[in-house]
Amino acid sequence: MGGCVGDTGRTLGCRNSEAAAHLKFISIFVIFFTSVVGISLPVVLARYFQGKPSYDKAILLIKCFAAGVILSTSLVHVLPDAYDALSDCQVASRHPWKDFPFAGLVTLIGALLALLVDITASAHVEHSHSHSKDSYLPVGTREEEVSVKKGNELAKIESGETRDKGEDLIRLKQKLVSQVLEIGIIFHSVIIGVTMGMSQNQCTIRPLVAALAFHQIFEGMGLGGCIAQAGFSFGTVAYMCFMFSVTTPMGIVLGMIVFAVTGYDDSSPNALIMEGLLGSLSSGILIFMGLVDLIAVDFFHNKLMNSQTWLKKASFIALALGSTSMSVLALWA
């Protein structure tokens, strides 16, 4: 309990509403700009390489770097913060929070929810394709059917349809992964923004501005790499990039409004519980997406990577670089 008193004393010494508000206004513009740069970079690079022989390899390396960033974000940033929030003395001294590791449980729930969404969406897509194929086959005369069966054209048509169906399913899967991934990242970004917006601690906010700027660059590169590979239309890409870029600044503004209207303390037990639960949920989503839909898919089921040993090594290096770059930021934020 003495540790709580000491922490409170240090916090009160750094509380300055005017200085904190000034830092938060600066952070809104800085974080928005760095978010735009981070998420736009892989998208622009993908469009630059499109149509060139190295396009597929460049996209694969960008995606592996992205997977490292996403995995590190969930395990080094989001999950430890969620554990810290729920293990704070104001929360951990209460029932039922002191009786059970809720951060781990909610992380598990997040991973299972991501799996459920993945399974449901994949089944829906496959059912739609099979239903479409059965319902809309062209009907011809008997003579036409016999004529087609006598040649090799039917085999070619079926082969082409199977290949097109497989490519469509892969592309739709990539789109689904990108969308679920953005949802998990938006959860995380809202938590960061609202927490900063409600904070009046200038000692905490000052280093966070610089750290979050780099954080948004790397996290944006992670999400942008997945968006680039999914093959969305220009309008959808622009919308997803915009949503990522404005989420944290909007969270900061929302946190400032909530504090101004209610005087709500970001270090209160209820705020810590909400932060811990949402952080755990988003961590579970990001862990599942990083390991299952990004890393496992490319390293075990990607024909391009498995056909070239040097590309698999380069992809692992990109994965390690993404993980390292994001992990180093944990020194400051």
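An unreviewed UniProt entry annotates the protein as Zinc transporter originating from Melia azedarach.

(A) Quick peek at the packing of helix H3 (residues 55–87) against helix H10 (residues 269–301). For the pair H3 and H10, the least separation of the axes is 8 Å and the interaxial angle reads 155 degrees. In terms of orientation, H3 and H10 fall into the roughly antiparallel class. Note that H3 runs across H10; the crossing there is left-handed. For the contact of H3 with H10, the per-class residue count stands at 20 nonpolar, eight polar and four charged.

(B) Quick peek at the packing of aromatic side chains. Per the counting criterion, the structure on display carries two aromatic pairs. Judged by centre distance (5.4 Å) and plane angle (65 degrees), the ring pair of Phe100 and Phe102 falls under edge-to-face. According to the relative accessible area criterion, Phe100 is partly exposed, its value standing at 43%. What links up through ring pairs into an aromatic cluster is the set Trp97, Phe100 and Phe102.

(C) View of the side chain of Ser280. Note on placement: Ser280 falls in helix H10. Among the residues examined, Ser280 registers a relative accessible area of 0% and is labelled buried. A polar atom in the side chain of Ser280 sits 2.7 Å from the backbone oxygen of Gly276.

Here is what the cut-offs are and how they apply
- Residues numbered from 1 in each chain as written.
- Predicted model: local features only at pLDDT ≥ 70, side-chain atom pairs only at ≥ 80, totals over all residues.
- Heavy atoms only, no water.
- Axes fitted to C-alpha atoms, helices over the stretch in contact; angles between N-to-C directions.
- Helix = DSSP H or I, 4+ residues; strand = E, 2+ residues; numbered from the N terminus.
- Parallel < 35°, antiparallel > 145°, perpendicular 65-115°, else oblique.
- Left-handed = near helix turned anticlockwise from the far one by under 90°.
- Nonpolar A, V, L, I, M, F, W, Y, C, P; charged D, E, K, R; others polar.
- Phe/Tyr/Trp six-rings, centres within 6.5 Å; stacked < 30°, edge-to-face > 60°.
- Buried < 20%, exposed > 50% of the residue type's maximum accessible area, 1.4 Å probe, protein only.
- Polar contact = N/O pair within 3.5 Å; in protein donor to acceptor, adjacent residues only side chain to side chain.

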